[in-house]
Number of protein chains: 2
Amino acid sequence: MKPTFADRINDVPRSFLREILKVAVRDDVISFAGGLPNRALFPAAAIRAAADAVLTSDAGAVLQYGSSEGYAPLREWIAARYRARGLDVAADDVLVTTGSQQGLDLIGKVLLNERDVVAIEEPGYLGAIQAFSIYRPRFAGVPLTQGGVDIDRLAHVLRTDRPRLFYTVPNFQNPSGVTYSASRREAVARLARDTGTLLVEDDPYGELRFAGEAQPSMASLAPAHTVMLGSFSKIVAPSFRVGWLVAHGELMERLVIARQAADLHTSEITQRILYRYLGDNDIDEHIRHIRDCYGGQCRAMLDALAREFPAGCRHTEPEGGMFLWIDLGGRSSMAVFDHAIANGVAFVPGHPFYTGEPRTDTLRLNFSCSGADAIGEGIRRLGESIRAIDA
Amino acid sequence: MKPTFADRINDVPRSFLREILKVAVRDDVISFAGGLPNRALFPAAAIRAAADAVLTSDAGAVLQYGSSEGYAPLREWIAARYRARGLDVAADDVLVTTGSQQGLDLIGKVLLNERDVVAIEEPGYLGAIQAFSIYRPRFAGVPLTQGGVDIDRLAHVLRTDRPRLFYTVPNFQNPSGVTYSASRREAVARLARDTGTLLVEDDPYGELRFAGEAQPSMASLAPAHTVMLGSFSKIVAPSFRVGWLVAHGELMERLVIARQAADLHTSEITQRILYRYLGDNDIDEHIRHIRDCYGGQCRAMLDALAREFPAGCRHTEPEGGMFLWIDLGGRSSMAVFDHAIANGVAFVPGHPFYTGEPRTDTLRLNFSCSGADAIGEGIRRLGESIRAIDA
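Residues numbered from 1 in each chain as written. Chains lettered and ligands numbered in written order. Predicted model: local features only at pLDDT ≥ 70, side-chain atom pairs only at ≥ 80, totals over all residues. Heavy atoms only, no water.

**Examining the overall build of chain A**
- Helix and strand counts for chain A stand at 15 helices and 14 strands.
- In summary, chain A has a C-alpha radius of gyration of 21 Å against a globular reference of 21 Å for 391 residues, a match within 12%.
- Taken along its principal axes, the extent of the C-alpha atoms in chain A is 65 × 55 × 50 Å.
- Put simply, chain A has 391 residues, and 64% of those count as buried.
- A separation of at least 24 residues holds for 75% of the contacts in chain A among residues at least 6 apart in sequence.
- Split by element, the accessible area of chain A, about 13600 Å² in all, is 48% carbon and sulfur.
- For chain A, the distance from the average site of its 42 positive side-chain charges to the average site of its 48 negative ones is 3 Å. (Helix = DSSP H or I, 4+ residues; strand = E, 2+ residues; numbered from the N terminus. Rg over C-alpha atoms; globule rule 2.2 N^0.38 Å. Buried < 20%, exposed > 50% of the residue type's maximum accessible area, 1.4 Å probe, protein only. Contact = heavy atoms within 4.5 Å. Areas by Shrake-Rupley, 256 points an atom, 1.4 Å probe, with all protein chains shown as cover. Lys, Arg positive; Asp, Glu negative; His and termini not counted. Charge placed at Lys NZ, Arg CZ, Asp CG, Glu CD.)

**Regarding the sheet that holds strand E4 (residues 138-145) of chain B**
All names here are of chain B.
- Spatial ordering of the open sheet is given by E2-E9-E8-E7-E6-E3-E4-E5, a layout of 8 strands whose pairing is mixed. Strands with a single pairing partner mark the edges of an open sheet, and in this sheet they are strand E2 (94-97) and strand E5 (148-149).
- Inspection of the sheet shows E2 paired to strand E9 (residues 243-246) by 4 bridges, in the antiparallel sense. Bridge pairing in E9 places Leu-95 opposite Leu-245. (Pairing = 2+ DSSP bridges.)

**Side note on the packing of helix H14 (residues 333-342) of chain B against helix H15 (residues 372-390) of chain B**
Residues and elements named next belong to chain B.
- Interhelical geometry of H14 versus H15 gives an angle of 125° and a closest axis separation of 9 Å. The angle between H14 and H15 falls in the class oblique. Like other packed secondary-structure pairs, H14 and H15 cross with a definite hand, here right-handed. Judged by residue contacts, Ala-335, Val-336, His-339 and Ala-340 of H14 engage Leu-382, Ser-385, Ile-386, Ala-388 and Ile-389 from H15. (Axes fitted to C-alpha atoms, helices over the stretch in contact; angles between N-to-C directions. Parallel < 35°, antiparallel > 145°, perpendicular 65-115°, else oblique. Left-handed = near helix turned anticlockwise from the far one by under 90°.)

**Quick word on the confidence of the model for chain A**
- On average, residues of chain A score 95 in pLDDT, and 97% of them are at 70 or above.
- For this predicted complex, the interface score ipTM comes out at 0.95, alongside a pTM of 0.96. (pLDDT = per-residue confidence, 0-100.)

**Some points on the interface of chain A and chain B**
- In this assembly, 80 residues from chain A lie in contact with 80 residues from chain B.
- In this assembly, chain A packs against chain B so that about 7000 Å² is buried in total across both faces, 57% of it on carbon and sulfur atoms.
- Broken down residue by residue, the surface that chain A buries against chain B is led by Met-1, Leu-63 and Tyr-65 of chain A, which jointly contribute 11%.
- Linking chain A with chain B are 4 salt bridges.
- For Asp-52 of chain B, the salt bridge goes to Arg-48 of chain A, with nearest N and O atoms at 3.8 Å.
- Viewed at the interface, chain B and chain A are joined by 36 residue pairs in polar contact (both at pLDDT 80 or more).
- No other element matches helix H11 (residues 249-263) of chain A, which puts 11 residues into the side of chain A that touches chain B.
- Residue composition of the side of chain A that touches chain B, grouped by class: 37 nonpolar, 24 polar and 19 charged. (Buried area = accessible area lost by both parts, 1.4 Å probe. Salt bridge = Lys/Arg side-chain N within 4 Å of Asp/Glu carboxyl O. Polar contact = N/O pair within 3.5 Å; in protein donor to acceptor, adjacent residues only side chain to side chain. Nonpolar A, V, L, I, M, F, W, Y, C, P; charged D, E, K, R; others polar.)

**Thoughts on helix H3 (residues 44-57) of chain B**
- Here H3 of chain B is 14 residues long and its end C-alpha atoms lie 20 Å apart, about the 20 Å a rise of 1.5 Å per residue gives.
- Restricting attention to buried positions, one finds in H3 of chain B the residues Ala-44, Ile-47, Ala-50, Ala-51, Ala-53, Val-54 and Leu-55 of chain B.
- On its buried side, H3 of chain B packs onto helix H3 (44-57) and helix H4 (59-63) of chain A together with helix H4 (59-63) and helix H12 (268-280) of chain B. (Expected span 1.5 Å × (residues − 1).)

**Thoughts on the domain arrangement of chain A**
Residue and element names in this part refer to chain A.
- Partitioning chain A into domains gives domain 1 (7-43 + 285-390) and domain 2 (44-280).
- The C-alpha-based centres of domain 1 and domain 2 are spaced at 24 Å.
- When residues of domain 1 are sorted by the area they lose upon contact with domain 2, Pro-43, Glu-319 and Thr-355 head the list and together hold 23% of the total.
- Counting every contact that joins domain 1 to domain 2 gives 1 salt bridge.
- The salt bridge involving Glu-319 is made with Arg-209; its shortest N-O contact spans 2.5 Å.
- The interface formed by domain 1 and domain 2 includes 16 residue pairs in polar contact (both at pLDDT 80 or more).
- If you list the elements that add at least two residues to the side of domain 1 that touches domain 2, you get helix H1 (7-10), helix H13 (283-308) and strand E11 (323-327).
- Among the elements that line the side of domain 1 that touches domain 2, the one with the most residues is H13, at 7 residues.
- In terms of residue class, the side of domain 1 that touches domain 2 is built from 20 nonpolar, 8 polar and 6 charged. (Domains from an automatic or database assignment.)

**A word on the packing of helix H8 (residues 151-160) of chain B against helix H9 (residues 182-195) of chain B**
Residues and elements named next belong to chain B.
- One way to put it is that H8 packs onto H9 with a least axis distance of 10 Å and a crossing angle of 10°. Here H8 is positioned roughly parallel relative to H9, judged by the angle of their axes. The handedness of the crossing between H8 and H9 is right-handed. Packed against H8, whose contacting residues are Ile-151, Leu-154, Ala-155, Leu-158 and Arg-159, the element H9 presents Arg-184, Ala-187, Val-188, Leu-191, Asp-194 and Thr-195 at the interface.
- In terms of residue class, the contact of H8 with H9 is built from 7 nonpolar, 1 polar and 3 charged.

**Side note on unusual backbone geometry**
- Here the amide bond leading from Asn-174 of chain A into Pro-175 of chain A is cis, since omega sits at 20°, within 30 degrees of zero.
- Its place among the elements puts Pro-175 of chain A in the loop between strand E6 (165-168) and helix H9 (182-195).

**What to know about the pattern of salt bridges**
- Inspection of the entire model under this criterion finds 46 salt bridges over all chains.
- Two residues, Arg-81 of chain A and Asp-284 of chain A, come together in a salt bridge whose shortest N-O distance is 2.7 Å. In this pair, Arg-81 of chain A is assigned in helix H5 (residues 72-84) and Asp-284 of chain A in helix H13, connecting sequence segments 203 residues apart.
- For Asp-284 of chain A, a relative accessible area of 35% gives the class partly exposed.
- Counted as one network, the salt bridges with shared partners bring together Asp-105 and Lys-109 of chain A together with Asp-105 and Lys-109 of chain B.

**Details of the relation of the copies chain A and chain B**
- Placing chain A over chain B gives an RMSD of 0.0 Å and needs a rotation angle of 180°, together with 0.0 Å of translation along the axis. The transformation just described matches what one would write down for a two-fold rotation axis.
- The share of interface residues of chain A whose copies in chain B are also at the interface is 100%, consistent with both copies meeting through the same surface. (Least-squares fit on C-alpha atoms with pLDDT ≥ 70 in both.)

If you want it as structure tokens, here you go:
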């Protein structure tokens, strides 16, 4: 039999990325297409020791069902880390989620009625677009500029479209690599307060800053108007699928109800291994190591871009994270893509990251998974492909 | 700020069970309220060895992002186990889910529009009621009788209400402990084919049969009309949050899209540990051990019920699983509950398991977590409480 599907599932974009990533795994292709942390940096031996320890000491509890809110000591660890940064977060404000992707799904479930407006950066994070799309909102895209979202356009959208929330990745955004300046953050926070808009501040890369100075969290500027999302995927390992969400009061109560219905709780064994790993190791030292590596890879890419790319191309200069963004200055990213794949280099064309009218002359490059030599050679090939289009 | 919530989240029943379980953990209370597998039976040492092995051999892949469909060898293992039972299942038909609770959420997401009808056993599985409630269906409860669902009522519901699906737990159902007879399964399958209704066959306990004879899966009787859900929670350990869903064609494609939006994928490390555990150990031997234990605990409870309960009470006689169901013959389960808690024994009153008009004189007992002595003493106290209500 062929079932009739719910209307909501007909609206979700098929993942163009999945198709691209299939091409990108060819052995002869240097891929800047993925969005993965560098597996060489996973603290495998320390995680193995942590797994061994938790399964030796308290296996009955480690292997049993856990609580919907998350493993209590891990929630407290996350809260304490926020407090060390001056944010007022208690363990009870932390909901451990099955990756921060689940946090996005839960926010959509609890807050979005059909046709509600969601304000989102343009280009925006694809995982958020997919998660929210399930609940059939209208998206209001707000362009990113060099220092963060375009404030005039955001003000217009918040006042005119009255969105249910503004989804923002203020640090080293995926896909653009853009970071909000201090003044832009203050302006966003002021607008949120003035218009009563909820900010969903997603910060998976915040700890991976390799240049510039740390900026305040939106949650520190508009605490009553901000839900924060975080993740261990980029600082420990994505395989765990352990992220979190910080919310308060009635919103948290509803999120817990939705979370129970979604998957009962996040894997207890992964939470306990992670907590043990965090207790037995110096996570800040580990993060410094990741930052140093990604910083070097990013510089290698920036140097290669300066060397290899033709005039008229522009790019962002990330202060952290894993991505940078290319503006091809009118050239078709799909035309470049076809040539580049044949030429042995892969990237993600920019158009899937737009919720409104897409720009067809942008693309995303990932620098976390390739060494300096591969980056140099890959950017050389890509420059060649862009010139070939020009010819 | 106090956000406005989506309509869907206002309809989900708060978990009465969570409140009860808080009372049930008091040290002086013998609890038949939970629904947990017995932690003494978790194969902790073997899981520790499996974790050590996968983190030694291929940590880069074990700790990286995985595929949305699940770890390929685990999908094949699950498919092969179905094939060994005569079911035509390929690895591609298996979607690994974050517990089978996620399977329920995904089915709701992909199939249910608001006000669609969901046919469900009455009493029914609470996790399914919660998962589907998010999508705001109308429930059509169909009473369970001794050999399975009431076929005349089911026929009436399928023909009159045209439900989008019928959710059924044919083996040792939670909460009732009822198992469908062979003829009842055939009748359900015939009805599904005749009316074009999708069967959602949830079978978390199927391998835990300690009495009677194995019965055919609905999927073997109506393969084109059945989606199957399964789980490792009851045969290995619930902490992993690894379950699965078997579906085909376009339905599977939509489920994968929804699953990506929900949490990207199930923890890769737990899938790999589990797969390694399954390869290095005799899972059938382990399951026989669980079955023997639960069978003994169930017999201890049935013996105690015969000894301790007053006339007018009836109960199911489970052939497997973890639960049995008491009909108090008109007595209020909440009145018995209050007395029983004071008397040091806990259970779950039956009314949360009804989607329609609830029966107020039923209750669920779990036998998987208590030894024979505690079962004897707990049932003695419960009999005392029932008599106290009669007095």
